[in-house]
Amino acid sequence: MEILRETFRSLFDNKLRTFLSMLGIIIGVAAVMTIIAIGDGAREEINRTVSSLGSNIIMVTSSIFSRFASDPLEFKDAINITTMVPGVANATGLLASSYVVEIHGKNTTATVLGVLPGFFEIMNLDVVYGRPINEEDSEELRSSAVIGYNIADKLFGRQEVIGERFNIIQTGSSGSRKITFEVVGVLKKTGSRLLFNIDDLVILPHTVADHRLFHASGRTGQILVSAIDEKSADLARMGIDFYLYRKFEDSKKYTILSQDAILDAVNQITGIFNVILVGIASISLVVGGIGIMNIMLVTVKERTREIGIKMAIGASRRRILLEFLLESVVLTVIAGIIGMILGVFLSGIIVHFGKAFGLSAVFTVKSILLSFGVSAAIGLFFGIYPANQASKLSPVEALRYE
Amino acid sequence: MPGTVLELREVWKIYDMGEVKVEALKGVTFNIEEGEFIIIIGPSGSGKSTLLQILGCLDLPTKGEVIIEGIEVSKMKGPQLAKIRNQKIGFVFQGFNLLPKYTALENVELPMLYAGVPAKKRRERAKELLEMVGLGDRLNHKPTQLSGGQQQRVAIARALANDPAIILADEPTGNLDTKSGEEIFRIFEELNENGVTLGVVTHDLRWLEKGSKIIKLLDGRIEDIEVVRHVGNT
Ligand SMILES: Nc1ncnc2c1ncn2[C@@H]1O[C@H](COP(=O)(O)OP(=O)(O)OP(=O)(O)O)[C@@H](O)[C@H]1O
Ligand SMILES: [Mg+2]
């Protein structure tokens, strides 16, 4: 391990240069660390949200939803599935879109949903003031709305707002219209669940939402189903498949997703996303590696005479090669460690400011080992050429070098 | 019985500079026996340094054979050559060639490090050698903190570190004043009296009386070999 002492000695001799040449790797590793940590955090968060629903949730999406589709999913189907399919507890269609809501000059953006009354049970929502949407609201086309915590807070500054009115602003080609709704219920502060942030919801009877906002004539892009319990989920799933196949006579026109399938899909998407981001961040690692190679080539040039002396007193080519290779590997590994520490700080800062968006960071042994391995590999890869140059010098010529 | 340390047979060194070829050595043949003190002289450009580099396995001849302790050098592989330089040869240069970042002690230790000598033994031997050349009180000085003569003495200690078969020196007093030069003479003389084989290239005629054999080079050829005194069975 004497050779390591020599490595540190020559790195310490040139502290500033050593540090500057490490910067590229430090930044690269920090970036990769941060991205992986945030990515893993996001995935974990999403998985938790999806799982929080329980494994009895089944989602049906139509592959061909459009207002003019010849045979779309309909709210009727949700009602039929609820009554006809064994194992199903509840089902609802889902009209969803973002709208600006306002009252007395205060406004905010809400996710407006048109649903069947069963939605509240499926999503396991807590109504803290007032009541959920019910059948009469739907049948009598009442302008009733249940709103999330944030909506109540931003429009009224308080939660007990039953009976208050507010407007949904619909902008179309002929200008914007205000449509007035009455608050019949307020939801407990909940956070995200499945695909929505519950606190930002405005929930309307589907008939009203369809008639006044969505103009979908009873169609829906997706149907959300809850099975009676986990054990009936498979039975329900098969029943839904049977029902939909009879309706469409083509299994390509709809997709049935269970919680597992949703998790798989989400993980796949976040995984791809992660790989792309890490790929981009890796570019800085490559640039850093080239920087290391450059500095090592300069070092070899500068130390030509030293190499000559060492060879003259009996250092083998292998020993010279090892000395320089070790120097670049130690350089990049130290840079990697600094980068990791920086990455932890960086993700801490990002999480601090990104809490509102549900960002969190997760550090795994895997990502730490990966950073180690990658920085050592960069040192090896970009150090081998300069080290080889050094070891190939002829002793006589190296000694003559000024 | 003393044996042959080094043999040169018809050694040629031709530097190929593209258009011109410089024939630095043109068929040099001689032996170095154990215990000899060889002085190599000759005008500038006659091939003295080239010859010494080939003797010291720093360079290989273009033609001819170099035999060290019975083994032909050109047949050796890289690591073997490094080992020969490390264990059989001690080189002393005109410009000292110490490592500037290392202390005197560390400079002397380095050949032993390459030879795989354990740290403690290394340190002890390096200390001993530095004391022997009169630098017992300069162990932790760096080369820049030493005079030229002192640096050259460190270099001699380093050359002796692995107890080599021969010490080769290329104008070891060339960069020194007369007084420092004389100290180097004295050390070499002492070494030879203790049986160390020496090969010294010099311009300084005061060396002539110290040597046991004087090789005169002229234009890449041996012009004359003068045996001053016989060593062992030669
Ligand atoms: N690397 C080299 N490339 C080309 N020619 C060289 C090289 N080294 C030496 N020579 C030539 O070989 C010849 C002998 O050089 P060498 O250095 O051996 O002479 P020298 O006797 O040591 O001279 P000096 O007393 O000046 O040191 C000279 O003509 C020199 O120019
Ligand atoms: Mg010379």
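Every chain is numbered independently, its residues counted from 1 as its sequence is written. Chain letters start at A and ligand numbers start at 1, both assigned in the order the entries are written. Whole-chain, interface and lining totals are the exception, using all residues; otherwise, since this is a predicted model, local features are given only for residues with pLDDT of at least 70 and side-chain atom pairs are given and counted only at 80 or more. Hydrogen atoms and water are omitted, and side-chain values are computed over all heavy atoms in the structure.

Student: Whenever I open this one, the overall build of chain A confuses me. Can you help?
Tutor: In DSSP terms, a helix is any run of H or I states spanning at least four residues, a strand is any run of E spanning at least two, and both are numbered starting from the N terminus. For chain A, the helix and strand inventory stands at 13 helices and 15 strands. Relative to the 2.2 N^0.38 estimate, which gives 21 Å for 402 residues, the radius of gyration of chain A is 31 Å and therefore markedly larger than a compact globule would have. Three labels apply to residues, based on accessible area from a 1.4 Å probe with only protein chains included: buried if under 20% of the type maximum, exposed if over 50%, partly exposed otherwise in between. By residue count, 48% of the 402 residues in chain A fall in the buried class. For chain A, the proportion of contacts with a sequence separation of at least 24, taken over those separated by at least 6, is 77%. Note on areas: these come from Shrake-Rupley sampling with a 1.4 Å probe, and a residue is covered only by the protein chains present in the view. Carbon and sulfur atoms provide 60% of the accessible area of chain A, an area that totals close to 19,500 Å². Computation of the radius of gyration draws on C-alpha atoms, with the globule rule given as 2.2 Å multiplied by the number of residues to the power 0.38. Residue contacts are counted whenever heavy atoms from the two residues lie within 4.5 Å of one another.

Student: Is there a simple way to think about empty space enclosed by the protein in this case?
Tutor: Using a probe with the size of a water molecule, rolled over the atoms, empty space left in the structure can be pinpointed. Using a grid of 1 Å spacing that covers the protein atoms alone, one calls a set of points a cavity when a 1.4 Å probe fits there but cannot get out, and a pocket when the set is open and has protein on both sides within 12 Å along at least five of seven lines; lining residues are those with an atom within 4 Å of a point. Grid points are joined across faces, edges and corners, and a volume is the space filled by probe spheres set on the points. Under the defined criterion, the tally for this structure stands at three cavities of 30 Å³ or more. Here the largest cavity defines a volume of roughly 150 Å³. Looking at the largest cavity, the residues that line it are E2, R5, E6 and R9 of chain A together with Y102, E106, E109, L110, L113, R122 and R123 of chain B. Those elements that place two or more of their residues in the lining of the largest cavity are α1 (2-12) of chain A together with α3 (104-115) and α4 (119-132) of chain B. Residues belonging to the lining of the largest cavity are distributed by class as follows: three nonpolar, no polar and eight charged. Of the volumes computed, that of the second largest cavity is approximately 90 Å³. Three classes are used: nonpolar for Ala, Val, Leu, Ile, Met, Phe, Trp, Tyr, Cys and Pro, charged for Asp, Glu, Lys and Arg, and polar for all others, with Gly counted as polar.

Student: Just checking my understanding: could you explain the layout of surface pockets for this structure?
Tutor: Of the volumes computed, that of the largest pocket is approximately 600 Å³. The wall of the largest pocket is formed by 24 residues, among which R400 of chain A together with S49, T50, Q53 and D170 of chain B lie closest to the centre. Secondary structure elements with two or more residues in the lining of the largest pocket: α13 (395-400) of chain A together with β2 (20-33) and α1 (48-55) of chain B. Among the elements that make up the lining of the largest pocket, the one with the highest residue count is α1 of chain B (four residues). For the lining of the largest pocket, the per-class residue count stands at eight nonpolar, 10 polar and six charged.

Student: Would you explain the sheet that holds strand β1 (residues 4-17) of chain B in this entry?
Tutor: Strand pairing in a sheet relies on backbone hydrogen bonds. The paired strands run either parallel or antiparallel. Residue and element names in this part refer to chain B. Strands pair, by our definition, only if DSSP identifies at least two bridges between them. Pairing within the open sheet is antiparallel, and its four strands lie in the order β2-β1-β4-β5. At either margin of the open sheet sits one strand with a lone partner, and together these are β2 and β5 (71-72). Sheet topology places β1 next to β2; 11 bridges connect them, and they run antiparallel. Counted as the bridge partner of W12 is K26 from β2.

Student: Looking at this structure, I do not really get the packing of aromatic side chains. What am I missing?
Tutor: For any two aromatic rings, the description comes down to two numbers: the centre-to-centre distance and the angle of the planes. In this analysis, rings of Phe, Tyr and Trp, with Trp reduced to its six-membered ring, are considered paired at centre separations within 6.5 Å, and the interplanar angle assigns stacked below 30 degrees, edge-to-face beyond 60, and tilted for intermediate values. Taken as a whole and assessed by the stated rule, the structure comprises eight aromatic pairs over all chains. Pairing F381 of chain A with F382 of chain A gives two aromatic rings, centres 5.0 Å apart and planes at 80 degrees, and the pair type is edge-to-face. On the accessibility criterion, F382 of chain A (12% relative accessible area) is buried. Measuring from centroid to centroid gives 6.3 Å for F37 of chain B and W207 of chain B, while their planes differ by 80 degrees, and the two rings are edge-to-face. Of this pair, F37 of chain B sits in strand β3 (residues 37-41) while W207 of chain B sits in the loop between β8 (197-201) and β9 (213-218), and the two are 170 residues apart along the sequence.

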